[in-house]
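What follows is the residue order along each chain.
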Amino acid sequence: MKYKIILITGLFVFIAGQLLSQQHIFTNVTSQMGISGQTGLGHSVGWCDIENDGDLDLAISNQDGSGFWLYRNDGSTFTNITSSAGLSGQGAYKILWAEVTNDTYTDLLLNGTLYKNDGDGTFSDITIGSGVSGYLYSAADFDKDGYNDLLRLSPDVSVLFNDGDNTFTSSIIENDSYWVVTCLDYDLDGWMDIYLGTYDNYTNKLYRNMGDGTFEDVTSSANAGYNGAAHGLTSGDFNNDGLPDLYIGSYGNLSCKLLQNQGDGTFSDVTSGSGASGHNDTRTTSFIDYNNDGFLDIFSSHHDFYSYSNTLLRNNGDGTFTNVAPQMGISGEWIGDYFGIGWGDFNNDGATDLFAAGHIDKYRLFRNDNCPGNFLNINLIGTVSTYNAVGAMVVLWAEGESITRWVHGGEGKHDFSSFNLEFGLDDKTLADSLIVYWPAGTENKMFNIEANQFLTITEGLSPINPEIVATPNDTVGIYDTIILNVGIGYSLYQWQDGSGDSLFIATNMSGVNGGEQVYWVEVTDQNGCSGTDTISVWFLPFTQIDKNKTGISFKVYPNPATDKISISFGDITGDVEMQILTTFGKVVYNGGLKQVRHNYIENVDISFLPSGIFFIRLISPDGKISGISKFVK
């Protein structure tokens, strides 16, 4: 009986270890990813792809203004490039990323200083004469001229309208200062509006963009007031009704507030009974779909880093929320008091990760591990609209349900998340449709999009969704050959081996490992739009008897040909079957060659074939299939 107990215990430990390794959790990978050496208390965070290479880079700062760090994402690690980028000795109350110089590289704004992204990993200070000044907190195209404008919250609330020539013209909205902001099109009229939060117990403000360069205070009529210290602020569609809602993080005598957009220009307080009342010492807050189930959850950090630390309110999909932060690994004693956060998928695995900067554990990169849901990650590139596509609305439909997301240009106080839009699809494997509503008024539409992809959508251009077709099927017999066809009409092709044809040919010879082989191709159209596809092919394994056999060796010439081709053979004796196939695997000729012998040459009439690409396949007397040879007529 003693040995049975030991066996059961060992099995339990093994199973527990397996379950733990598959648990959805946030893992601290800060030092593992090469991020270290920061001083002082953490303050601001900003994710941005500064090189347009598809990887999110990271900027962080400390509270006293003595430290700013820029890290380049090199895939397996981050590299500190602060010095080489020309940004040493800087500080950052707010890290704001926005492409404002009209060159497709996203620029950096720190404490009223404009640094132009030179596109080579360096930045140049072009503040003098630009009209940029004050504390800048958000970017959006408020006048819809295709340029990112800047929003200043101190010493006054002003929009710095981008003149398109690296200069800005200031327009004051209000002479008071505000603490936090989120920009949203609350009434869906196509113009970006402004919601402002205060430091003390004064009323928040909602300013409606009138479309003529002015803004109207509609706080009262929209029922959007909040007479408390709003230190956290975020906007997004938490109930998937296609309307942007508000969540206000309290640092005063009121609870946090969840304001649901009613679609008639007003908001309704739905906090009571929702489980989203939070705590009244909120440092920062954000809507985020951490588990890819398609519903926006709510993350908040609090000054009390001992009792309840951070909260992660999982959206239950019915208007209620449940705090899951402790079991997700981002809450506990001596964790939290974060002043700045940023969400972004730094390792491109489809799960949104978190970088947090604060007063207790100071600087932390939390990787989102074992995220259960499927996803689509959308990178929008504006052409008529701003390059960063700030303000763009994307609506995705899957199995009769819709999800709506907006591109933000910075919100809250010290927070800046990725421009990319992350759509959680839960267990759905296909999105029925996806529509991009650009700020300039244009639209892009896609249909039948497979899950678990990273898509780049350029305004006005149709995205590419190539599909590899395997002929005759995706299982390759011994000495058989498969044709992978991605279709014609693209300007460039690149398969995983570097070949650049619309077709890829693979033969199951004795040196090929049996089992699954994965092939991929990237194609580019005449507009410069790119797309990729992958396919899994199963190769039947060889036995020793199979390895002792050989396929037929032959050559086809001339190539290209007109009316006839010649086939020369190596060592083979007996009757041989010959097939001519199209690129889609259709057999258009099937004939026999009698008494083939060594160095035999057969002339074949192909005058009946139309112009195009064809393949010849030979089958030997014992049933072995030769490698395929391509020819052009």
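The rules behind the values
- Residues numbered from 1 in each chain as written.
- Predicted model: local features only at pLDDT ≥ 70, side-chain atom pairs only at ≥ 80, totals over all residues.
- Heavy atoms only, no water.
- 1 Å grid on protein atoms, 1.4 Å probe; cavity = no way out; pocket = protein on both sides within 12 Å on 5 of 7 lines; lining within 4 Å.
- Points joined across faces, edges and corners; volume = space filled by probe spheres on them.
- Helix = DSSP H or I, 4+ residues; strand = E, 2+ residues; numbered from the N terminus.
- Nonpolar A, V, L, I, M, F, W, Y, C, P; charged D, E, K, R; others polar.
- Pairing = 2+ DSSP bridges.
- Axes fitted to C-alpha atoms, helices over the stretch in contact; angles between N-to-C directions.
- Phe/Tyr/Trp six-rings, centres within 6.5 Å; stacked < 30°, edge-to-face > 60°.
- Buried < 20%, exposed > 50% of the residue type's maximum accessible area, 1.4 Å probe, protein only.
- Lys NZ or Arg CZ within 6 Å of the ring centre and 35° of its normal.
- pLDDT = per-residue confidence, 0-100.
- Contact = heavy atoms within 4.5 Å.
- Polar contact = N/O pair within 3.5 Å; in protein donor to acceptor, adjacent residues only side chain to side chain.
- Core = buried A, V, L, I, M, F, W, Y, C linked by side-chain atoms within 4.5 Å.
- Salt bridge = Lys/Arg side-chain N within 4 Å of Asp/Glu carboxyl O.

Notes on the layout of surface pockets
Then comes step 1: The calculated volume of the second largest pocket comes to roughly 500 Å³.
Then comes step 2: Along its surface, the second largest pocket is lined by 23 residues, and Asp49, Gly54, Asn379, Asn420 and Thr456 are the ones closest to its centre.
Then comes step 3: Among the secondary structure elements, those contributing two or more residues to the lining of the second largest pocket are strand E29 (374-381) and strand E35 (453-458).
Then comes step 4: Residue classes in the lining of the second largest pocket are distributed as eight nonpolar, 10 polar and five charged.

Side note on unusual backbone geometry
Then comes step 1: The omega torsion across Tyr557 and Pro558 is -10 degrees, close enough to zero to call that bond cis.
Then comes step 2: For Pro558, the location among the structural elements is in the loop between strand E43 (554-557) and strand E44 (564-569).
Then comes step 3: The omega torsion across Asn559 and Pro560 is 10 degrees, close enough to zero to call that bond cis.
Then comes step 4: Within the element layout of this structure, Pro560 appears in the loop between E43 and E44.

Considerations on empty space enclosed by the protein
Once rolled over the atoms, a probe with the size of a water molecule shows which space is left empty.
Then comes step 1: The full count for this structure, using the stated rule, is three cavities of 30 Å³ or more.
Then comes step 2: Computed from the structure, the largest cavity encloses a volume of approximately 470 Å³.
Then comes step 3: Taken together, 28 residues form the lining of the largest cavity, with Phe287, Trp406, His408, Glu411 and Ser417 sitting closest to its centre.
Then comes step 4: Taken together, the elements giving at least two residues each to the lining of the largest cavity come down to strand E18 (230-236), strand E22 (282-288), strand E26 (338-344), strand E31 (401-406) and strand E32 (421-426).
Then comes step 5: With four residues, E22 is the single largest residue contributor to the lining of the largest cavity.
Then comes step 6: A per-class count over the lining of the largest cavity returns 10 nonpolar, 12 polar and six charged.
Then comes step 7: Of the volumes computed, that of the second largest cavity is approximately 50 Å³.
Then comes step 8: Lining the second largest cavity we find Cys183, Leu184, Asp185, Met192, Ser235, Pro244, Trp406, Val407 and His408.

Some thoughts on the sheet that holds strand E2 (residues 42-48)
Then comes step 1: Strand order across the open sheet formed by four strands is E2-E3-E4-E5, with antiparallel pairing between neighbours. Of all the strands in the sheet, just E2 and strand E5 (78-80) have a single pairing partner and so form its edges. Across the sheet, the mean angle separating the axes of adjacent strands is 25 degrees when strand polarity is ignored.
Then comes step 2: Of the strand pairs in this sheet, E2 and strand E3 (residues 57-62) are connected by six bridges, and their pairing is antiparallel. Counted as the bridge partner of Gly42 is Asn62 from E3.

Concerning the packing of aromatic side chains
Aromatic rings considered in pairs are described by the distance between their centres and by the relative angle of their planes.
Then comes step 1: Applying the stated criterion across every chain, the model contains 21 aromatic pairs.
Then comes step 2: Aromatic side chains Trp179 and Tyr199 sit 4.6 Å apart centroid to centroid with 65 degrees between the ring planes, which places their arrangement in the edge-to-face category. Of this pair, Trp179 sits in the loop between strand E13 (168-174) and strand E14 (180-184) while Tyr199 is found in the loop between strand E15 (193-197) and strand E16 (205-209), placing the two residues 20 residues apart along the sequence.
Then comes step 3: Relative to Trp334, the ring of Phe305 has its centre 5.1 Å away and its plane inclined at 40 degrees; by these criteria the two rings are tilted. Taken together, the residues Phe305 in the loop between strand E23 (297-302) and strand E24 (311-315) and Trp334 in the loop between strand E25 (321-323) and E26 connect sequence positions 29 residues apart.
Then comes step 4: Residue Trp334 is classed as exposed on the basis of its relative accessible area, which comes to 52%.
Then comes step 5: The ring of Trp191 has Lys144 sitting right over it, with the charged end atom 4.6 Å from the ring centre.
Then comes step 6: One Lys or Arg, Lys413, reaches over the ring of Trp179 and ends 3.6 Å from the middle of that ring.

Section: the pairing of E29
Then comes step 1: Most of E29 sits out of view: seven of its eight residues are buried.
Then comes step 2: For E29 and E32, the ladder comprises five bridges, and the chain directions are antiparallel. The partner of Phe375 across the bridge, within E32, is Gly424.
Then comes step 3: Pairing of E29 with E35, which is carried by six bridges, proceeds in the parallel orientation. Its bridge partner lying in E35, Ile381 is registered against Thr458.

Some words on the confidence of the model for the chain
Then comes step 1: Averaged over every residue, the pLDDT of the chain is 87; the share at 70 or more is 87%.
Then comes step 2: Contacts for the low-pLDDT stretch residues 1-20, under 50 throughout, to residues beyond four places or in other chains number zero contacts.
Then comes step 3: The low-confidence segment residues 543-550, where pLDDT is below 50, has 10 contacts with residues more than four positions distant or belonging to other chains.

As for the environment of Tyr207
Then comes step 1: Within the secondary structure layout, Tyr207 lies in strand E16.
Then comes step 2: We classify Tyr207 as buried; its relative accessible area is 7%.
Then comes step 3: C-alpha separation for the pair Tyr207 and Ala222, spaced 15 residues apart in sequence, amounts to 10.0 Å.
Then comes step 4: Dropping the residues within four chain positions of it, Tyr207 is found in contact with Ile173, Glu174, Asp193, Ile194, Leu196, Phe215, Glu216 and Asp217.
Then comes step 5: In terms of polar contacts, Tyr207 uses its side chain to reach the side chain of Glu174, at 2.3 Å.

What about the sheet that holds strand E8 (residues 113-117)?
Then comes step 1: Across the sheet, four strands lie side by side as E6-E7-E8-E9; this open sheet has antiparallel pairing. Strands with a single pairing partner mark the edges of an open sheet, and in this sheet they are strand E6 (95-98) and strand E9 (123-125). Neighbouring strand axes in the sheet, compared pairwise and without regard to direction, differ in orientation by 25 degrees on average.
Then comes step 2: Pairing between E6 and strand E7 (residues 107-110): four bridges, direction antiparallel. By the bridge assignment for E7, Ala98 is matched with Asp107.

Some words on the nonpolar core
Then comes step 1: Core analysis: the largest hydrophobic core is formed by 68 residues, its most contacted members being Leu70, Trp97, Phe142, Leu150, Ile194 and Leu380.
Then comes step 2: Beyond its immediate stretch of four places on either side in the chain, Leu150 contacts Leu96, Val100, Leu109, Val132, Leu136, Ser138, Ala139, Ser158, Val159, Leu160 and Phe168.
Then comes step 3: In terms of nonpolar packing, the next biggest core, distinct from the first, is built from 16 residues, Met33, Trp47, Phe78 and Ala357 among them.

Re the pairing of E24
Then comes step 1: The element E24 is largely enclosed, with a buried count of four among its five residues.
Then comes step 2: Where E24 folds back on E25, the antiparallel hairpin that results is connected by five residues, among which Gly317 adopts a positive phi of roughly 80 degrees.

Digging into the pattern of salt bridges
Then comes step 1: Tallying each qualifying case throughout the model produces 12 salt bridges.
Then comes step 2: Arg283 is the salt-bridge partner of Asp337, the closest N and O atoms lying 2.7 Å from each other. Residue Asp337 is found in the loop between E25 and E26, and its partner Arg283 is found in strand E22; the two are separated by 54 residues along the sequence.
Then comes step 3: With a relative accessible area of 2%, Asp337 lands in the buried category.
Then comes step 4: The buried category is assigned to Arg283, whose relative accessible area is 14%.
Then comes step 5: The partner of Arg367 in a salt bridge is Asp369, with the nearest N and O atoms 2.6 Å apart.

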